[in-house]
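As a plain string of letters, each chain reads:
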Amino acid sequence: GENVEQHPSTLSVQEGDSAVIKCTYSDSASNYFPWYKQELGKRPQLIIDIRSNVGEKKDQRIAVTLNKTAKHFSLHITETQPEDSAVYFCAARVSGNTPLVFGKGTRLSVIA
Amino acid sequence: DTAVSQTPKYLVTQMGNDKSIKCEQNLGHDTMYWYKQDSKKFLKIMFSYNNKELIINETVPNRFSPKSPDKAHLNLHINSLELGDSAVYFCASSQLRGYHEQYFGPGTRLTVT
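Residues numbered from 1 in each chain as written. Chains lettered and ligands numbered in written order. Predicted model: local features only at pLDDT ≥ 70, side-chain atom pairs only at ≥ 80, totals over all residues. Heavy atoms only, no water.

Caption draft 1: Spotlight on unusual backbone geometry. Cis geometry is adopted by the peptide bond preceding A:Pro8, which originates at A:His7 and carries an omega value of -5°. Locating A:Pro8 in the fold gives a position in the loop between strand S1 (4-7) and strand S2 (10-14). The peptide bond linking B:Thr7 to B:Pro8 adopts the cis configuration, its omega dihedral lying at 0°. Structurally, the position occupied by B:Pro8 is in the loop between strand S1 (4-7) and strand S2 (10-13). (Helix = DSSP H or I, 4+ residues; strand = E, 2+ residues; numbered from the N terminus.)

Pasting the structure below:
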């Protein structure tokens, strides 16, 4: 089955700097790659997703890139703010009746 | 308007007891899931249900049993609770086919003493 690796497990950045989180997946049939943000004590919430027929997607300060050949995708957060501090999860899914497989999460701390 | 709701939010119980967690979604989704999040924050899929049929069952002890009375509900029953069952349990729902967001419930923090 699908396996998703996520790095780093923890990341500290100064406010205003950029943060990059990287994930790799194992199943070349995976075609949907969402990113979730989980604040302390809250539920995971979708912040951005990308499909396999797209190489990059942006939404304000957040962008995701996908390299299908290398089977990796990355989350980029620019101009980080303290409210970006949270645990971020990448995930992948093969089309059809399979659930999302999540990476192990990255704890991002933005230092003011 | 709560999309995915769970009850209770907190559950403290003793080893050996049997407990249930309820989940309801009002999004009209056809698939519901249960995830376990341990102290290291790993999100592990436990079950998924599509149209009242179990379609995925990971290597979860048979003390855990999902029950879906209808498409909008997926309850989790746990028998003979063990210390290692302490975790946060999240219910989620989505449409099965296509590229659809998976919505999570608020979570149930289970503590087994």
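Next comes the rest of the write-up.
Caption draft 2: Up close: the layout of surface pockets. Computed from the structure, the largest pocket encloses a volume of approximately 760 Å³. Forming the walls of the largest pocket are 33 residues, and the residues nearest its centre are A:Val101, B:Leu43, B:Lys44, B:Ile45 and B:Glu58. Of all elements in the fold, only S1, strand S9 (86-94) and strand S10 (101-102) of chain A together with strand S5 (43-50) of chain B reach the threshold of two or more residues within the lining of the largest pocket. Of the residues assigned to the lining of the largest pocket, the class counts are 15 nonpolar, nine polar and nine charged. Surrounding the second largest pocket, 25 residues form its lining, A:Gly41, A:Lys42, B:Lys41, B:Val88 and B:Arg109 being those nearest its centre. At the level of secondary structure, the elements contributing two or more residues to the lining of the second largest pocket comprise S9 of chain A together with strand S9 (87-94) and strand S11 (108-112) of chain B. Among the elements that line the lining of the second largest pocket, the one with the most residues is S11(B), at four residues. In terms of residue class, the lining of the second largest pocket is made up of nine nonpolar, nine polar and seven charged. (1 Å grid on protein atoms, 1.4 Å probe; cavity = no way out; pocket = protein on both sides within 12 Å on 5 of 7 lines; lining within 4 Å. Points joined across faces, edges and corners; volume = space filled by probe spheres on them. Nonpolar A, V, L, I, M, F, W, Y, C, P; charged D, E, K, R; others polar.)

Caption draft 3: Examining the sheet that holds strand S7 (residues 64-70) of chain B more closely. All names here are of chain B. Across the sheet, four strands lie side by side as S1-S3-S8-S7; this open sheet has antiparallel pairing. Pairing within the sheet leaves two strands with one partner each, and these edge strands are S1 and S7. The average angle at which neighbouring strand axes cross in this sheet is 20°, direction not considered. (Pairing = 2+ DSSP bridges. Axes fitted to C-alpha atoms, helices over the stretch in contact; angles between N-to-C directions.)

Caption draft 4: Here's a closer look at the side chain of A:Asp84. Residues and elements named next belong to chain A. Along the chain, Asp84 turns up in the loop between strand S8 (72-77) and S9. For Asp84, a relative accessible area of 7% corresponds to the buried category. The residues contacting Asp84, other than those within four sequence positions of it, are Lys37, Arg61, Ile77, Glu79, Leu108 and Val110. (Buried < 20%, exposed > 50% of the residue type's maximum accessible area, 1.4 Å probe, protein only. Contact = heavy atoms within 4.5 Å.)

Caption draft 5: Spotlight on the pattern of salt bridges. Residue and element names in this part refer to chain A. For the structure on display, the rule yields five salt bridges over all chains. Where Lys37 meets Glu39, a salt bridge forms, and the shortest distance between an N and an O atom there is 3.4 Å. Given a relative accessible area of 34%, Glu39 falls into the partly exposed group. The salt bridge partner of Asp49 is Lys57, with a shortest N-O separation of 2.9 Å. (Salt bridge = Lys/Arg side-chain N within 4 Å of Asp/Glu carboxyl O.)

Caption draft 6: Spatial organisation of the packing of aromatic side chains. If you walk through the whole model with that rule in mind, you get 13 aromatic pairs over all chains. Between B:Tyr33 and B:Tyr35, the aromatic rings sit 6.3 Å apart at their centres with planes inclined by 45°, giving tilted as the arrangement. Relative accessible area serves as the criterion here: at 0%, B:Tyr35 is assigned to the buried category. Taken together, the ring pairs connect A:Tyr36, A:Phe89, A:Phe102, B:Tyr33, B:Tyr35, B:Phe90 and B:Phe104 into an aromatic cluster. One residue, A:Lys104, lies across the ring of B:Phe42, its end atom 5.0 Å from the ring centre. (Phe/Tyr/Trp six-rings, centres within 6.5 Å; stacked < 30°, edge-to-face > 60°. Lys NZ or Arg CZ within 6 Å of the ring centre and 35° of its normal.)

Caption draft 7: Quick peek at the nonpolar core. Counting 23 residues, the largest nonpolar core has A:Trp35, A:Phe73, A:Leu75 and A:Leu108 as the members making the most contacts within it. Those elements that place two or more of their residues in this core are S2, strand S3 (19-25), strand S4 (30-38), strand S5 (45-51), strand S7 (62-67), S8, S9 and strand S11 (106-111) of chain A. The contact partners of A:Leu75, leaving out residues within four places of it in the chain, are A:Ala19, A:Val20, A:Ile21, A:Trp35, A:Ile47, A:Ile48, A:Ile62, A:Ala63 and A:Tyr88. Judged by nonpolar contacts, the second largest core, of 20 residues, contains B:Trp34, B:Met46, B:Phe64 and B:Leu81. (Core = buried A, V, L, I, M, F, W, Y, C linked by side-chain atoms within 4.5 Å.)

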